[in-house]
Amino acid sequence: MKQILFNSLYCAYYCGIIPCCFTLNTLYFDVGWVFQHTVLLWVSMVVIYTQYYLSPYYCDTLHRAALHLGRWLKVEGRNAHVPYNVWSELQTWPQNALVKHIKGLFKAEALCNAAEPGNSSHSRFYFLFHEPLRIISLLVVAQLSVAVVQLVLLVGSTDWNHLISLALLLFCNYYILFRLVRDYLLMAKAYKNRLNLMKNAD
């Protein structure tokens, strides 16, 4: 994630801000338009880099790891009469298993649980990747919203330089949107049977 943010900010900085720094003092440019163009470029670059670094194959690998990692739910009531096991990192725990950890009593939520109870990074990882289509759905929504905003700005623009820059950026964003929707449809078709089996198991 750090590399995605750094590369997208780097690209937006060199494409949107640096050209303004080297303009002549006598040249007038619209600061609001430059800011708007840089923000749209940055969001587009975030989606492009996320699509590149989190390819469908890599998302599938992370999804499988999240299924193996599992999730723990903290049990608030400290009932001493509930049978539980002492948590061990050398064991995977089945669904609904109760374990005692340093941070309290936890119940296994997933089918297979290897995560450390109470570890927030394990919980975040499971939340992001246990649904295989979550990341690509977020990317499709972000890219679609950027394309709609750019289309609205294109319709409302009257300057020729705004029209050209928005049209070029919109053309690139349509291609990215096409690839994201294609990947989403392929992944949805591939995961259809697995998701039905997971829902029936719950």
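Note that the structure is predicted; figures quoted are calculated from it, not measured.

Asker: What is the right way to read the packing of helix H3 (residues 56-69) against helix H4 (residues 120-129) from this model?
Answerer: What describes two packed helices is the angle between their axes and the distance between those same axes. Two elements in contact, H3 and H4, have axes separated by 9 Å at closest approach and are oriented at 130 degrees. Accordingly, the angle class assigned to the pair H3 and H4 is oblique. Crossing geometry of H3 relative to H4 is assigned as left-handed. Two secondary-structure elements touch here, H3 through Leu62, His63, Ala65, Ala66 and Leu69 and H4 through His122, Phe125, Tyr126 and Phe129. Looking at the contact of H3 with H4 residue by residue, the class counts come to seven nonpolar, two polar and no charged.

Asker: Help me understand the nonpolar core in this model?
Answerer: Within soluble globular proteins, side chains that are nonpolar generally end up buried alongside one another. Of all hydrophobic cores here, the largest spans 17 residues; its most connected members are Ile135, Leu180 and Met187. Contributions of two or more residues to this core are made by H3, H4, helix H5 (134-156) and helix H6 (160-201). The contact partners of Met187, leaving out residues within four places of it in the chain, are Pro56, Cys59, Pro132, Leu133 and Ile136. The next biggest cluster of nonpolar side chains, apart from the first, holds nine residues, and it includes Leu69, Trp87, Phe106 and Ala115.

Asker: Can you walk me through the pattern of salt bridges in this structure?
Answerer: For side chains bearing opposite charge, pairing can occur when the charged atoms are close. All told, the structure shown has three salt bridges when counted by the stated rule. Glu109 is paired through a salt bridge with Arg71; the nearest N and O atoms lie 4.0 Å apart. You can see Glu109 sitting in the loop between strand E5 (104-108) and strand E6 (112-113) and its partner Arg71 sitting in the loop between H3 and strand E1 (72-75), a full 38 residues away along the chain. Judged by relative accessible area, Arg71 falls into the partly exposed class, the value being 38%. The partner of Arg182 in a salt bridge is Asp183, with the nearest N and O atoms 3.6 Å apart. On the basis of relative accessible area, Asp183 is assigned to the buried category, the value being 10%.

What counts and what doesn't
Residues numbered from 1 in each chain as written. Predicted model: local features only at pLDDT ≥ 70, side-chain atom pairs only at ≥ 80, totals over all residues. Heavy atoms only, no water. Axes fitted to C-alpha atoms, helices over the stretch in contact; angles between N-to-C directions. Helix = DSSP H or I, 4+ residues; strand = E, 2+ residues; numbered from the N terminus. Parallel < 35°, antiparallel > 145°, perpendicular 65-115°, else oblique. Left-handed = near helix turned anticlockwise from the far one by under 90°. Contact = heavy atoms within 4.5 Å. Nonpolar A, V, L, I, M, F, W, Y, C, P; charged D, E, K, R; others polar. Core = buried A, V, L, I, M, F, W, Y, C linked by side-chain atoms within 4.5 Å. Buried < 20%, exposed > 50% of the residue type's maximum accessible area, 1.4 Å probe, protein only. Salt bridge = Lys/Arg side-chain N within 4 Å of Asp/Glu carboxyl O.

These figures come from the coordinates and say nothing about function on their own.
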